[in-house]
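One letter stands for each residue in the lines below.
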Amino acid sequence: ISEFPRHIFYEGMLLDGPNVQKSEFGGALKSIVAVKFPHVQPFNIFDLDSKESRDGGTSLSNKNEAELVLHLYRTLDRETDGLVAKSRVAVITPYSQQSSLLHRMFEENYGASYPSRVEISTVDAFQGREAGGGGGVGARP
């Protein structure tokens, strides 16, 4: 995932933490996803023909995008025989309103315990760290 911002925004200066650099990082889940979804990469961009909306304020949300996120998560959960549920998935969005929408949708589908499966937050909240707050991402000159 870090390859995109490393080259686009940081001119190659952003380095992964030592845990991410190890070949076994991602474990069985990474291997299953690579086999079952060979065209899916750690960082993907999906361009949906949909519109954002505002519920007052300045933040935006997009229900179609949120539904796609939920669909992708369900598919991963099903195709990995629940292994994705034992991992911690991060959903990162630039908008707080989108984050709120995603929280509601995941709670409706997975109940109040969904945060043990999925961490949903804004770009600002994730800045400079990994999901779960484990650190490991940093910039070195």
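Residues numbered from 1 in each chain as written. Predicted model: local features only at pLDDT ≥ 70, side-chain atom pairs only at ≥ 80, totals over all residues. Heavy atoms only, no water.

## Points about the pattern of salt bridges
Phase 1 of the analysis: Counted under the stated rule, the structure contains five salt bridges.
Phase 2 of the analysis: When salt bridges that share partners are traced, they join Lys-36, Arg-78 and Glu-79 into one network. (Salt bridge = Lys/Arg side-chain N within 4 Å of Asp/Glu carboxyl O.)

## Description of the environment of Leu-76
Phase 1 of the analysis: Locating Leu-76 in the fold gives a position in helix α4 (residues 63-79).
Phase 2 of the analysis: Between the alpha carbons of Leu-76 and Lys-36 there is a distance of 9.5 Å; along the sequence they are 40 residues apart.
Phase 3 of the analysis: Not counting residues up to four positions away in its chain, the partners in contact with Leu-76 are Val-33, Phe-37 and Val-84. (Helix = DSSP H or I, 4+ residues; strand = E, 2+ residues; numbered from the N terminus. Contact = heavy atoms within 4.5 Å.)

## Comments concerning the packing of aromatic side chains
Phase 1 of the analysis: A full pass over the atoms with the stated rule returns three aromatic pairs.
Phase 2 of the analysis: Seen from their ring centres, Tyr-73 and Phe-106 are 5.5 Å apart, and the 75 degrees between their planes marks the pair as edge-to-face. One end of the pair, Tyr-73, is in helix α4; the other, Phe-106, is in helix α6 (residues 96-110), with 33 residues separating them in the sequence. For the residue pair Tyr-73 and Phe-106, the accessibility class agrees, reading buried in each case.
Phase 3 of the analysis: Ring centres of Tyr-73 and Tyr-110 lie 5.5 Å apart, and the angle between their planes is 85 degrees; this geometry places the pair in the edge-to-face category. In this pair, Tyr-73 is assigned in helix α4 and Tyr-110 in helix α6, connecting sequence segments 37 residues apart.
Phase 4 of the analysis: What makes Tyr-73 buried here is its relative accessible area of 4%.
Phase 5 of the analysis: A connected cluster of aromatic rings, assembled from ring pairs, spans Tyr-73, Phe-106 and Tyr-110. (Phe/Tyr/Trp six-rings, centres within 6.5 Å; stacked < 30°, edge-to-face > 60°. Buried < 20%, exposed > 50% of the residue type's maximum accessible area, 1.4 Å probe, protein only.)

## Remarks on the confidence of the model for the chain
Phase 1 of the analysis: For the chain, per-residue confidence averages 82 on the pLDDT scale, and residues scoring 70 or more make up 89% of the total.
Phase 2 of the analysis: Per-residue pLDDT, averaged within each element of the chain, yields its smallest value for strand β4 (residues 137-139) (34) and its largest for α6 (95).
Phase 3 of the analysis: Across residues 133-141 the pLDDT falls below 50, and counting only partners more than four positions away or on other chains, this stretch makes 19 contacts in the model. (pLDDT = per-residue confidence, 0-100.)

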